[in-house]
Amino acid sequence: MEHIKKGTPTPWDSLRLLELEFGEWSYWPGSFDPDEETDDANDTFKHLPPAVTSFDLRLPDLEGLRHRPTACLRIPEPYIHRFTTLRLELNWEATAALKVLEECVDLETLIFDFRRDCFECKEIPYTNRLRRDGILLPKLRTLRLEHASVCDDFLRFLRTPSLSELDLSFEPMMNTFDEGQADEAPAEFGSDLVSFIQRSQCALRRFRIHYLSFQVNYDKSILDTILSCLPSLTHLTLDTVTFDGEDFWLLEQMRQDPLPNLEVFELLNVPYFVPFFDPSYIAGFIDASLLNLMNIRCMSSKGT
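These figures come from a predicted structure and were not determined experimentally.

### Structural notes on the environment of Leu59
And step 1. Structurally, Leu59 is set in the loop between strand E2 (54-58) and helix H2 (79-82).
And step 2. In this structure the C-alpha to C-alpha distance between Leu59 and Glu24, which are 35 residues apart in sequence, comes to 7.9 Å.

Right under this line is the structure:
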């Protein structure tokens, strides 16, 4: 670090990928307040390797802390403008994370791990503006949300015209499978996702939903609402997703050629004891799509 501070060239200068994981917060009497604009607070990433384009930052929980360490997300220029891949893992007030994303103009891949905490923003005027205008990520092609909560409205803040791959995982932090524990998609889930696609004006090619339950007590199927607005889709993966199968029958009835560009369809870890799942609907959809489908993989939670 002393060589870096003096401007002496080091092998550190050529690093392109950097992963940082902090296990816990430690403050002591006299240490800086992380929410204050001080020189120390702004020095957190002052000496990042200049060639880094892929940055992975994992921050610990805030349990028991009086202050929110937003300084740990103050990434200075020009580093932040060089990032093409960014992974953030945090579960605290997210305004600082949104401000980071506003500066990532060249970002191509974004992975956001919510750690199953609700996405909340305290700066009301700022977040209202973002909800109205959206954060434009013009080059973003891949977006993955991990350990998300179905009540999050993270996608409402983004505009991603180049997005081709969207991966939404709602799996709990513990890597266990329990058919009764998957979150139920709220009624607005489908319309919110469709609104994000239409606002971005993107043509999704790959789409994955993981660990979610679509119930049948709505006038219009949520899953059908989502799939109906994705005609450009080539890869569809439903992993540990509970649904009755009628979504695909409805999709087939609405369109003569449902999902016309679909080439790969993966139906993985189908909950084994779901009484209302009817595979005949899936079979009908596959029959209607055989001209395009090149790869079909179905697997129940029992491996069949």
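Read on for the rest.
### Side note on helix H3 (residues 95-103)
And step 1. All buried positions along H3 are accounted for by Thr95, Ala96, Ala97, Leu98, Val100 and Leu101.
And step 2. Residues of H3 that are buried sit in contact with H2, strand E3 (85-89), strand E4 (109-113), helix H4 (124-133), strand E5 (135-136) and strand E7 (158-159).

### Regarding the environment of Ser149
And step 1. By the secondary structure assignment, Ser149 is in the loop between strand E6 (142-146) and E7.
And step 2. The class for Ser149 is buried, based on a relative accessible area of 12%.

### Observations concerning the packing of aromatic side chains
The relation between two aromatic rings is expressed through the spacing of the ring centres and the mutual angle of the planes.
And step 1. Per the counting criterion, the structure on display carries 7 aromatic pairs.
And step 2. Centroid distance Phe45 to Phe55: 5.6 Å. Interplanar angle 85°. Geometry classified as edge-to-face. Highlighted residues: Phe45 in the loop between strand E1 (17-21) and E2 and Phe55 in strand E2, separated in sequence by 10 residues. Neither residue differs from the other here; Phe45 and Phe55 are each classed as buried.
And step 3. Seen from their ring centres, Phe55 and Phe83 are 5.3 Å apart, and the 20° between their planes marks the pair as stacked. Taken as a pair, Phe55 in strand E2 and Phe83 in the loop between H2 and E3 lie far apart in primary sequence, 28 residues in all. Judged on exposure class, the residue Phe55 and its partner Phe83 are both buried.
And step 4. An aromatic cluster is built from Phe45, Phe55 and Phe83, whose rings are joined through pairwise contacts.
And step 5. Of note, Lys99 hangs over the ring of Tyr126, and the distance from its end group to the ring centre comes to 5.3 Å.

### Remarks on H4
And step 1. Here H4 has its buried residues at Tyr126, Thr127 and Leu130. Each buried residue of H4 sits inside an arc of 90° when the element is viewed along its axis, so together they form one side. Exposed residues lying more than 90 degrees from the buried face of H4 are Pro125 and Arg132.
And step 2. Those residues of H4 hidden inside the fold are in contact with H3 and E5.
And step 3. Where H4 ends, the next residue or the one after it, Gly134, has phi of about 80°, a positive value.

### A word on the pattern of salt bridges
And step 1. Inspection of the entire model under this criterion finds 13 salt bridges.
And step 2. For the salt bridge of Glu146 with Arg87, the shortest nitrogen-to-oxygen distance reads 3.2 Å. Placement of Glu146 in strand E6 and of Arg87 in strand E3 is noted, with a sequence separation of 59 residues between them.
And step 3. Lys139 is the partner of Asp106 in a salt bridge, and the nearest nitrogen-oxygen pair spans 2.9 Å. Here Asp106 is found in the loop between H3 and E4, whereas its partner Lys139 is found in the loop between E5 and E6, with 33 residues between them in sequence.
And step 4. Residue classification places Lys139 among the partly exposed positions, given a relative accessible area of 42%.
And step 5. One network of salt bridges, in which partners are shared, links Asp56, Arg58, Arg87, Glu89, Asp113 and Glu146.

### Re the pairing of E2
And step 1. Here E2 lies mainly inside the structure; 4 of its 5 residues are buried.
And step 2. Summarising the sheet, E1 and E2 pair through 5 bridges and their orientation is parallel. Paired with Leu17 across the strands is Ser54, a residue of E2.
And step 3. Across 5 bridges, E2 lies against E3 in parallel orientation. In the sheet register, Leu57 faces E3, and the bridge partner there is Leu88.

### So, the confidence of the model for the chain
And step 1. On average, residues of the chain carry a pLDDT of 79, and 71% of them reach 70 or more.
And step 2. Predicted confidence is poor over residues 28-32, with pLDDT under 50, and the contacts of this stretch with residues over four places away or in other chains come to 3 contacts.

### Quick notes on the nonpolar core
And step 1. By size, the foremost hydrophobic cluster in this structure holds 73 residues, and its most contacted members are Phe55, Leu86, Leu143, Phe189, Phe207 and Phe214.
And step 2. Here the element with the most residues in this core is H3; it accounts for 5 residues.
And step 3. If near-sequence neighbours (up to four positions away) are discounted, Leu86 is found in contact with Phe55, Val100, Leu101, Cys104, Leu107, Thr109, Leu110 and Ile111.

So, how was this worked out
- Residues numbered from 1 in each chain as written.
- Predicted model: local features only at pLDDT ≥ 70, side-chain atom pairs only at ≥ 80, totals over all residues.
- Heavy atoms only, no water.
- Helix = DSSP H or I, 4+ residues; strand = E, 2+ residues; numbered from the N terminus.
- Buried < 20%, exposed > 50% of the residue type's maximum accessible area, 1.4 Å probe, protein only.
- Contact = heavy atoms within 4.5 Å.
- Phe/Tyr/Trp six-rings, centres within 6.5 Å; stacked < 30°, edge-to-face > 60°.
- Lys NZ or Arg CZ within 6 Å of the ring centre and 35° of its normal.
- Arc of directions from axis to C-beta.
- Salt bridge = Lys/Arg side-chain N within 4 Å of Asp/Glu carboxyl O.
- Pairing = 2+ DSSP bridges.
- pLDDT = per-residue confidence, 0-100.
- Core = buried A, V, L, I, M, F, W, Y, C linked by side-chain atoms within 4.5 Å.

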